[in-house]
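Per-entry structural report
Each chain, letter by letter, is given below.
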Amino acid sequence: MKVIVVKNYDEMSKVAANHVADVMKAKPDCVLGLATGDTPIGMYKNLIEMYKNGEIDFSKTTSVNLDEYYPITPDNDQSYRYFMNCNLFDHVNIDKAKTFVPDGQAKDVEAHCKAYEDRIDDLGGVDIQVLGIGRNGHIGFNEPDDELIKGTHLTALTQSTIEANSRFFASEADVPKHALTMGIESVFKARKVIVLASGANKAEAIRAMLKGNISTKCPASLICLHPDAVIICDEAAYSLV
Ligand code: F6R
């Protein structure tokens, strides 16, 4: 595991975008594993800039996203599909038919989760997986627990995540109570994983991840076992390590 500490959010975003761009340049038909939330927005802005400058090209790229609320429609402005369109896909030359986000309207959830996992395998695995980290150490929607489910699955959001995410919804009651998420094993299938963290409100999660024991009580700590994991965090997020 490699830890890169940078000054602030802008630097974190640039360093993260460079990691993704390096993979795209080396392998134009790569598979990107993408995340939503506040953390990667600056990274996506940098990638859009690089695309506009002709540095990177998304025409052969495929993407798979980590998670999606359930139930939610893709046109809901809080859905992760909507987020990805607004923050990246609408601004670059990616073929949207090759962008995959778990289906927040799936009727047969179990079959959908299996198909999502199969898709990752059929694509030959993710080349670089981008991750944010929850304040409680969650990865995707893999919340701290005694056990973690390996593959893509439906999960209940914890109260702390509902509260954290309520800032995006009209009220806490509007936050979906469930989500579809890749599991830790799905994430581990990626050849490279980058974890981004910025701000003092992530400091305890980064401390637990890097200094605590490996534990399902801090799902991010498991990422330390990945053979090619890079943690890119700013000074505030690293302040308790
Ligand atoms: C998003 C995701 C979540 C976020 C995490 C941090 O796809 O999987 O695990 O990465 O909740 O969210 P932000 O970046 O908003 O602090």
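Residues numbered from 1 in each chain as written. Predicted model: local features only at pLDDT ≥ 70, side-chain atom pairs only at ≥ 80, totals over all residues. Heavy atoms only, no water.

1. Focus on the overall build of the chain
Regarding its fold elements, the chain presents 8 helices and 10 strands. In terms of overall dimensions, the chain has a C-alpha envelope of 45 × 45 × 35 Å along the principal axes. When each of the 241 residues of the chain is scored for burial, the buried share is 54%. Contacts in the chain between residues at least 24 apart in sequence constitute 79% of all its contacts with a sequence separation of at least 6. Element-wise, carbon and sulfur atoms account for 50% of the exposed surface of the chain, whose accessible area totals about 10500 Å². The centroid of the 25 positive side-chain charges in the chain is displaced by 4 Å from the centroid of its 34 negative side-chain charges. (Helix = DSSP H or I, 4+ residues; strand = E, 2+ residues; numbered from the N terminus. Buried < 20%, exposed > 50% of the residue type's maximum accessible area, 1.4 Å probe, protein only. Contact = heavy atoms within 4.5 Å. Areas by Shrake-Rupley, 256 points an atom, 1.4 Å probe, with all protein chains shown as cover. Lys, Arg positive; Asp, Glu negative; His and termini not counted. Charge placed at Lys NZ, Arg CZ, Asp CG, Glu CD.)

2. Quick notes on helix H2 (residues 41–52)
Its 12 residues give H2 an end-to-end C-alpha distance of 17 Å, which sits within 8% of 16 Å, the value for a rise of 1.5 Å per residue. When we look at burial in H2, the residues that qualify are Gly-42, Met-43, Tyr-44, Leu-47, Ile-48 and Met-50. Residues of H2 that are buried sit in contact with helix H1 (9–26), strand S2 (31–34), helix H3 (80–87), strand S6 (128–131) and strand S9 (192–197). (Expected span 1.5 Å × (residues − 1).)

3. Comments concerning the sheet that holds strand S3 (residues 62–65)
Strand order in the open sheet made by the 7 strands is S1-S10-S9-S6-S2-S3-S5, with parallel pairing throughout. Only two strands of the sheet have a single partner each, and these edge strands are strand S1 (2–6) and strand S5 (99–100). In the sheet, S3 pairs with S5 via 2 bridges, with the strands oriented parallel. Among the inter-strand pairings, Val-64 is bridged to a residue of S5, identified as Phe-100. (Pairing = 2+ DSSP bridges.)

4. Brief notes about the side chain of His-153
Inspection of the secondary structure puts His-153 in strand S7 (residues 153–156). Of the residues examined, His-153 reaches a relative accessible area of 9% and is grouped as buried. At 2.7 Å, the side chain of His-153 forms a polar contact with the backbone oxygen of Gly-151. Filtering out sequence-adjacent residues up to four positions away, His-153 remains in contact with Cys-113, Asn-142, Ala-179, Leu-180, Thr-181, Met-182 and Gly-183. (Polar contact = N/O pair within 3.5 Å; in protein donor to acceptor, adjacent residues only side chain to side chain.)

5. A closer look at H3
The buried count for H3 comes to 6 of 8 residues, which makes it a mostly enclosed element. Of all the positions in H3, only Tyr-80, Arg-81, Phe-83, Met-84, Asn-85 and Asn-87 are classed as buried. Those residues of H3 that are buried lie in contact with S2, H2, S3, strand S4 (67–70), S5 and helix H5 (159–165).

6. Some remarks on the packing of H2 against H3
One can describe the packing of H2 onto H3 by two numbers: an axis separation of 10 Å at closest approach and a directional angle of 40°. With respect to H3, the element H2 is oriented oblique. Contacts from Ile-41, Tyr-44 and Ile-48 in H2 reach Phe-83, Met-84 and Asn-87 in H3. Classifying every residue of the contact of H2 with H3 gives 5 nonpolar, 1 polar and no charged. (Axes fitted to C-alpha atoms, helices over the stretch in contact; angles between N-to-C directions. Parallel < 35°, antiparallel > 145°, perpendicular 65-115°, else oblique. Nonpolar A, V, L, I, M, F, W, Y, C, P; charged D, E, K, R; others polar.)

7. Notes on the site of the ligand
As a structural note, the neighbourhood of the ligand is formed by 14 residues, with Thr-39, Asp-67, His-138, Gly-140 and Lys-202 the closest of them. In the model, an oxygen atom of the ligand is placed 2.4 Å from a nitrogen or oxygen of the Thr-39 side chain. Residue Lys-202 places a side-chain N or O atom 2.6 Å away from an oxygen atom belonging to the ligand. Using a 2 Å cut-off from the grid points, one finds that the ligand occupies the largest pocket. Of the residues contributing to the shell around the ligand, the split by class is 3 nonpolar, 7 polar and 4 charged. (Near = heavy atom within 4 Å. 1 Å grid on protein atoms, 1.4 Å probe; cavity = no way out; pocket = protein on both sides within 12 Å on 5 of 7 lines; lining within 4 Å. Sits in = over half its atoms within 2 Å of the grid points.)

8. A closer look at the packing of aromatic side chains
According to the stated counting rule, one finds 6 aromatic pairs in the structure shown. Ring geometry for Tyr-69 versus Phe-169: centroids 5.5 Å apart, planes at 80°, classification edge-to-face. With Tyr-69 in strand S4 and Phe-169 in the loop between H5 and strand S8 (178–181), this residue pair connects regions lying 100 residues apart in the sequence. Overall, the relative accessible area of 1% leaves Tyr-69 in the buried class. Members of the aromatic cluster, joined through ring pairs, are Tyr-69, Tyr-80, Phe-141 and Phe-169. (Phe/Tyr/Trp six-rings, centres within 6.5 Å; stacked < 30°, edge-to-face > 60°.)

9. Here we look at the packing of H1 against H2
Each pair of packed helices can be described by the angle between their axes along with the distance between the axes. Viewed as axis vectors pointing N to C, H1 and H2 meet at an angle of 55°, and their least axial separation amounts to 8 Å. In terms of axis orientation, H1 runs oblique to H2. Of the two possible hands of crossing, H1 and H2 adopt the one that is right-handed. Across the interface between the two elements, Tyr-9, Ser-13, Lys-14, Ala-16, Ala-17, Asn-18, Val-20 and Ala-21 from H1 touch Ile-41, Gly-42, Met-43, Asn-46, Leu-47 and Met-50 from H2. Within the contact of H1 with H2, the residues separate by chemical class into 9 nonpolar, 4 polar and 1 charged. (Left-handed = near helix turned anticlockwise from the far one by under 90°.)

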